[in-house]
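Chain and residue survey
Each chain, written out:
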Amino acid sequence: MSDVLSAPLVVEFPFTRSLGPVQSAFLTGLRERTVLGVRTEDGTVLVPPVEYDPVTANEIRDLVEVAPTGTVTTWAWNPSPGRDQPLDTPFAWVLVRLDGAGTALLHALDAPGPDAVRTGMRVRIRWAATRTGAIADIACFEPHDGEPGATEPAEHTGEFADPVTGIVTPARLDYVHTPGRAQSAYLAALEGHRTVGERCPACRKVYVPPRGACPTCGVATAEQVEVGPRGTVTTFCIVNIKAKNLDIEVPYVYAHIALDGADLALHGRIAGIPYDQVRMGLRVEPVWVEGARHPDHYRPTGEPDADYDTYKELV
Amino acid sequence: MSKEPVAVVGIGQTKHVAARHDVSIAGLVREAAVRALEDAGLAWSDIDAVVIGKAPDFFEGVMMPELYLADALGAVGKPMLRVHTAGSVGGSTALVAANLVAARVHRTVLTLAFEKQSESNAMWGLSLPVPFQQPLLAGAGGFFAPHVRAYMRRTGAPDAVGSLVAYKDRRNALKNPYAHLHDHDITLEKVRAAPMLWDPIRYSETCPSSDGACAMILTDREGAARSPHPPAWVHGGAMRSEPTLFAGKDFVSPQAGKDCAADVYRQARITDPRREIDAVEMYVPFSWYEPMWLENLGFADEGEGWKLTEAGVTELDGDLPVNPSGGVLSTNPIGASGMIRFAEAALQVRGRAGEHQIDGATRALGHAYGGGAQFFAMWLVGAEPPPG
Ligand SMILES: [Zn+2]
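1. Details of the interface of chain B and chain A
Counting residues at the interface gives 53 residues for chain B and 60 residues for chain A. Taken together, both faces of the contact between chain B and chain A bury some 4,700 Å²; the carbon and sulfur share is 62%. Run the count over chain B and chain A and you get 1 salt bridge. B:Glu119 is the salt-bridge partner of A:Arg17, the closest N and O atoms lying 2.5 Å from each other. Here chain B is connected to chain A by 19 residue pairs in polar contact (both at pLDDT 80 or more). For the side of chain B that touches chain A, the secondary structure elements donating two or more residues are helix H1 (25-40), helix H5 (140-155) and strand S5 (196-199) of chain B. Taken together, the residues that form the side of chain B that touches chain A break down as 28 nonpolar, 13 polar and 12 charged.

2. Regarding the domain arrangement of chain A
With domains assigned, chain A is organised as domain 1 (13-172), domain 2 (179-227) and domain 3 (229-315). A C-alpha centroid distance of 56 Å is found between domain 1 of chain A and domain 3 of chain A.

3. Some details on the packing of H5(B) against helix H11 (residues 289-296) of chain B
Residue and element names in this part refer to chain B. Their axes nearest at 10 Å, the elements H5 and H11 cross at an angle of 65°. Considering only the axes of H5 and H11, their crossing is left-handed. Counted together, Phe144, His147, Val148, Tyr151 and Thr155 of H5 and Tyr289, Pro291, Met292 and Glu295 of H11 form the full contact between these two elements.

4. Observations regarding the coordination of the zinc ion
Residues and elements named next belong to chain A. Only Cys200 (SG), Cys203 (SG), Cys214 (SG) and Cys217 (SG) from the protein coordinate the zinc ion, and they sit 2.2 to 2.3 Å from it. Along the chain, the residues that donate to the zinc ion are spaced as C-x2-C-x10-C-x2-C. Linking cysteine 203 in the loop between strand S12 (195-199) and strand S13 (206-207) with cysteine 214 in the loop between S13 and strand S14 (223-227), this pair joins segments that are 11 residues apart in sequence.

5. Looking at helix H14 (residues 334-350) of chain B
Helix length check: H14(B), at 17 residues, gives a terminal C-alpha distance of 25 Å against a target of 24 Å (1.5 Å per residue), a fit within 8%. Of the residues trailing H14(B), B:Gly351 is marked for its positive phi of about 70°.

6. What about the nonpolar core?
The biggest cluster of nonpolar side chains holds 133 residues, and the ones touching the most others in it are A:Ile270, B:Met216, B:Leu365 and B:Trp379. Per element, the largest residue contribution to this core is 10 residues, and it comes from H14(B). Composition of this core by domain shows at least three residues from each of domain 2 (179-227) and domain 3 (229-315) of chain A. Not counting the four nearest positions on each side in its chain, A:Ile270 is found in contact with A:Val233, A:Val253, A:Ala255, A:Ile257, A:Val278, A:Leu282, A:Val284 and A:Tyr298. With 32 residues, the next largest nonpolar core counts B:Val50, B:Ala72, B:Ile217 and B:Trp233 among its residues.

Cut-offs used in this document
- Residues numbered from 1 in each chain as written.
- Chains lettered and ligands numbered in written order.
- Predicted model: local features only at pLDDT ≥ 70, side-chain atom pairs only at ≥ 80, totals over all residues.
- Heavy atoms only, no water.
- Contact = heavy atoms within 4.5 Å.
- Buried area = accessible area lost by both parts, 1.4 Å probe.
- Salt bridge = Lys/Arg side-chain N within 4 Å of Asp/Glu carboxyl O.
- Polar contact = N/O pair within 3.5 Å; in protein donor to acceptor, adjacent residues only side chain to side chain.
- Helix = DSSP H or I, 4+ residues; strand = E, 2+ residues; numbered from the N terminus.
- Nonpolar A, V, L, I, M, F, W, Y, C, P; charged D, E, K, R; others polar.
- Domains from an automatic or database assignment.
- Axes fitted to C-alpha atoms, helices over the stretch in contact; angles between N-to-C directions.
- Left-handed = near helix turned anticlockwise from the far one by under 90°.
- Donors = N, O, S within 2.8 Å, 3.2 Å for Na, K, Ca; no water.
- Expected span 1.5 Å × (residues − 1).
- Core = buried A, V, L, I, M, F, W, Y, C linked by side-chain atoms within 4.5 Å.
- Buried < 20%, exposed > 50% of the residue type's maximum accessible area, 1.4 Å probe, protein only.

Put into structure tokens, the structure is as follows:
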């Protein structure tokens, strides 16, 4: 439907990761151009290493150094690299079993085209010029026709000067958000400063904002009902702590407001009255500012306060 | 065929703190699991299945962390499943594990819940900038504070009650070596003097942000017979949910919470919870939720919960101790918080709660809730096996 809105929703956050002893040794090793694995109780060398034996569940700390050369065990061509991928030109995703390792590591292989890649081909690590203790310290793999590394990995203490103990892993998700038919209609009405909810055909309750269905009856709602513009403060709190990304001077009042004709309260800020004079039952109306989709805040109408019994079911 | 009685034979927690920079998520859950195994006198090979819970993945930024935790929890080659019901998840995770034993699907199950809040920011994770929606105008407490004011209006509770809860729980925490907050210099005056963040909620009446994990070993009668320490027996367990927002929702005393408690009491043959239950571990993220839940869970009539708190009934030496462990107000690794309530209830009836043990506790309630008062999970545990 053309009248249904959609917009990008980007979720991104720089997560911090405490590494623990094994991942700390592995990533610090990469910074020092050293690839470490861990030997399991049955003698298999896992690269990247893990903290606990997948078979016995015991803690494993027997670190070993494997070679920077290895063999591609399988691959997939990536014709159009995306944001933050290891290379910005087309490349192959490869699983590489490094010489001395029993398992394969996922990374990128720099190759001119899919015809240049095959399972079984020999590759070696191309180290990044600047290394910080991260998987990207391996810039990528590249084809290699030299001597293979030792098949018997060397013991390693896992100790390095100035070990990396934590990393920051920025994560980003790109969504397209669609609010759906009911909310799109609600938003369209808001453009004309009208608040339009929807009534449930079963319980007759009016939902504002509408979500297209009644959450208690489980049936679709369609009948539009204009509510407000005035309403009653059913309850509130006084916010004394500045929230991130919110340019509102504290203290301010954050209230639940039951618009006249609505069967549940929505949330809004109360202004136009000292914060310490806001009370339950206060009658309010929306205040609009140019260019805003939602009311900027609500202010007192000057009417007498609503009697508690008239709104207590909405608290 | 009747259900198999379920026993709690192992309990393990990490020392909860603001940030465990020394361990990975795997290392954190491992600590709690190993302690639970030691308590139960069992090895990894004795475990038939693993049931794990945590709050939203955004809280650490690891998508489906249970996948990579299978090694750390000895789950390779065994069934492993993840439960997710927001803040109540620790409770519902334990109940899913208990049901697997009760249904004789598995004999001995490791259940575990965790959160490593230091890896992200929970408030960020809960307030994504969804297009077209009015931005949230208040922080975490801004969601709860209006409901607290509604409770005060409805019941006429005096302002001072919230501080009493915080003062009690923080003192209880001093007797619990695993609790996050250990404020040895706490006084009621200090609690009262703390700034109002979201009036009527003071800073001192809010929960901390913690890294921590909690694990339990649940088993059948045969497993219980081999337990080196007294088990706790599950006498009743239930979950209920309701929408976050609907016309007629009662945020002060949600219907789903009442129904969940009633179901647990019916299973456990409890008719007078106030007299028949010896200790309660309830999910109190902001101090005022203690009197609110006292009513919701049937320990007090509507409007009367605050009077129990005010009269000292819920103190460690009162006749209905609430949160002897220090509660969520002293320790809050979100995903684990519900399981800690369940585990602490079990520790009480096992007589293994240490310095915060309630003498002679034979029946205790563990309670968890989460989302926008959306999910409820509770269990009642006893020192004796359930009758019949
Ligand atoms: Zn309806």
